[in-house]
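Geometric and topological summary
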Amino acid sequence: MSQGADPRSPAHEDSPSAGAMPTRVMVEARAIVKRFGSNTILDGVSLAATSGSVTAIIGASGSGKSTFLRCVNLLIRPDAGELFLDGQRIDTDRRERDLLRYRCEIGMVFQSYNLFPHMSALQNIIEAPMIVHRVSRAEAVERAMGLLDKVRLRHRAEAYPHQLSGGEQQRVAIARALAMRPRVMLFDEVTSALDPELKGEVLATMRDLAADGMTMIVVSHEMSFVRQVASEVLFMSGGRIIERGAPDSILDRPQSPELSAFVARIMD
Amino acid sequence: MDEALSPTMDMIISLWPRFLDATLLTLAIFVIVSVMSTTIGLLAALATIGAGRWLSMVLAAYGWVFRGVPELVILLFCYLALPQLGLDLGPVGAAVLGFTLISTAYEIEIFKAGLAGVHRGQFEAARALGIPLPSALRRIVLPQVVRIVATPWITYATGSIKRISIASAVAVTEIMQVTKQAIAFSHQPFTLILFASALYATMASILMIAEIIAARRFKQRFGLSTELP
Ligand SMILES: Nc1ncnc2c1ncn2[C@@H]1O[C@H](COP(=O)(O)OP(=O)(O)O)[C@@H](O)[C@H]1O
Ligand SMILES: [Mg+2]
């Protein structure tokens, strides 16, 4: 089942943060189970992401990737399993209010951007820090402008979402998530809705983020990105992780027929 | 011309204070009913988010009664039947209660549709950022609901203003009541009904113009149409 890669082993050699950080597990999910009605959508999914690592999750549509990411930040509650953030066990049965603090330690970026359409790019970014962390507007704006610099959109600060291209919207969404100073970032097929020429700018932003040492869990079918940036690749099928390992071994030497078929399909 | 029109003008001028009072009363009832039904309708629609099935069933039953029974029947019930139960609100009070009950049933539907029109990704993004639900509703969801409901809300409000004429049946001295009284002693139904129509048309026009301004503002500010996508 496992490709033998211990999740605690040093990060992939291409990873800029390799060796720079102690291999501390930043986020861990143990045997997550999620059912919708009588369908078991996640059937014991485990993952341990070390600090600064990039974990890629691949798998066919409907295999449970989004459901798993939503369980990691508790947008939906798993029916069984355990979550740990930086070694601390998270009580998944707490009330929604009590989960908010955990949730803002974990940034999430969605396929459909989900920017707030009635707010400018800048307002989108400062909203949550002002409400949740109660930072002053001046402080929030200063930090937001820094983040807009980082995603190369400072000149678009006053633009509303409908005035931005898909790639720009997605980069604002990344900046918005980063404004909460998360310790982990989740990306759910964030380039899937984008035209090919716009995917690159979003992937470049994600590369920068990985280079800065952000712990990232990325559902993506951008294979060159996965190959270059991921420390570990997990292949999901039918609500289980059926293969895991270094990108090259997963993509070039699939063991299971499911992964072979999947790789053949996305490579053509 | 002047000779022929002057008796009519004289009548209108002599009745003007009563028409003015009636118009102000109509507007007052409209404002009170709109504020109360909009507030209750919005809160009830918000309460259905994540609430159990029983609340939806209670609201459905409420809507069935107050959208199904004719307005006049509800007003007469509030004016004539409630005093029998020990609740005598007087004509204006009964009209305000009756119209509020009716309008609330429609406002609930308007706001439920408005909430359903907000992409569920918006709720998810707010939750993912750790924003508590009350703040998310106030800052993120409601502004989008306002955009969606602007047109149906004003359409309904325009009808509401006209519907207040029914209160003449429960002895409220609103515009229609004053018109009927004036017809009774002046025998000038044509002019008086025309004049009453003009008053209603003016009030409705103000609301319709408000809608056009609101739509233009949304468009300029956010590039958003008030039409549903
Ligand atoms: N809220 C839900 N209720 C019922 N079924 C769901 C729900 N969310 C997802 N599913 C089902 O779970 C399965 C996995 O979905 P998803 O996690 O979105 O897969 P992926 O992201 O890998 O495409 C699908 O069959 C989907 O229909
Ligand atoms: Mg998905």
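Here's what I pulled together on the structure shown here. (Residues numbered from 1 in each chain as written. Chains lettered and ligands numbered in written order. Predicted model: local features only at pLDDT ≥ 70, side-chain atom pairs only at ≥ 80, totals over all residues. Heavy atoms only, no water.)

A few points about the pairing of strand S7 (residues 184-188) of chain A
All names here are of chain A.
- Counting buried positions along S7 gives 5 out of 5 residues, so the element sits mostly inside the fold.
- Side chains of S7 alternate between two faces, with Val184, Leu186 and Asp188 and Met185 and Phe187 buried alike.
- Two strands pair when backbone bridges link them, and strand S6 (residues 106-109) and S7 are joined in this way by 4 bridges, in the parallel orientation. Bridge pairing in S7 links Gly107 to Met185.
- Where S7 lies against strand S8 (residues 215-219), 5 bridges are found, and the strand directions are parallel. Its bridge partner being in S8, Asp188 is matched across the sheet by Val219. (Buried < 20%, exposed > 50% of the residue type's maximum accessible area, 1.4 Å probe, protein only. Helix = DSSP H or I, 4+ residues; strand = E, 2+ residues; numbered from the N terminus. Pairing = 2+ DSSP bridges.)

Things to note about helix H3 (residues 121-132) of chain A
- With respect to burial, H3(A) is a largely interior element, 9 of its 12 residues being buried.
- The complete set of buried residues in H3(A) reads A:Ala121, A:Leu122, A:Asn124, A:Ile125, A:Ile126, A:Glu127, A:Ala128, A:Pro129 and A:Ile131.
- Looking at the buried side of H3(A), the elements it contacts are helix H4 (137-150) and helix H5 (166-178) of chain A together with helix H6 (133-163) of chain B.
- Downstream of H3(A) by one or two residues, A:Arg134 has phi in the positive range, about 55°. (Contact = heavy atoms within 4.5 Å.)

Section: unusual backbone geometry
- Positive phi outside glycine occurs at A:Arg134, with the angle close to 55°.
- As for its placement among the helices and strands, A:Arg134 is situated in the loop between H3 and H4.
- Classification of A:Arg134 as exposed rests on a relative accessible area of 71%.
- Of note in the backbone geometry, B:His187 takes a positive phi value of approximately 55° without being a glycine.
- Within the secondary structure, B:His187 is located in the loop between helix H7 (175-186) and helix H8 (189-222).
- Taking relative accessible area as the criterion, B:His187 reaches 62% and is therefore assigned exposed.

Points about the packing of H3(A) against H5(A)
All names here are of chain A.
- Running from amino to carboxyl end, H3 crosses H5 at an angle of 25°, the nearest separation of the two axes being 8 Å. Classified by the interaxial angle, the pair formed by H3 and H5 is roughly parallel. The two elements H3 and H5 meet at a crossing, and its hand is right-handed. Mapping the contact onto sequence places Ala121, Asn124 and Ile125 in H3 and Val172, Ala175 and Arg176 in H5.
- For the contact of H3 with H5, the class distribution of residues is 4 nonpolar, 1 polar and 1 charged. (Axes fitted to C-alpha atoms, helices over the stretch in contact; angles between N-to-C directions. Parallel < 35°, antiparallel > 145°, perpendicular 65-115°, else oblique. Left-handed = near helix turned anticlockwise from the far one by under 90°. Nonpolar A, V, L, I, M, F, W, Y, C, P; charged D, E, K, R; others polar.)

Digging into the sheet that holds strand S2 (residues 39-50) of chain A
All names here are of chain A.
- Pairing is antiparallel in the open sheet, where 4 strands are placed in the order S2-S1-S4-S5. The open sheet has two free edges, formed respectively by S2 and strand S5 (88-90), since each of these has just one partner strand. On average, adjacent strands in this sheet sit at an angle of 20° to one another, irrespective of strand direction.
- Set on the sheet, helix H1 (residues 65-72) makes contact with strand S1 (25-36), S2 and strand S4 (80-85); between it and S1 the angle comes to about 120°.

Any link to function would need more than the numbers given here.
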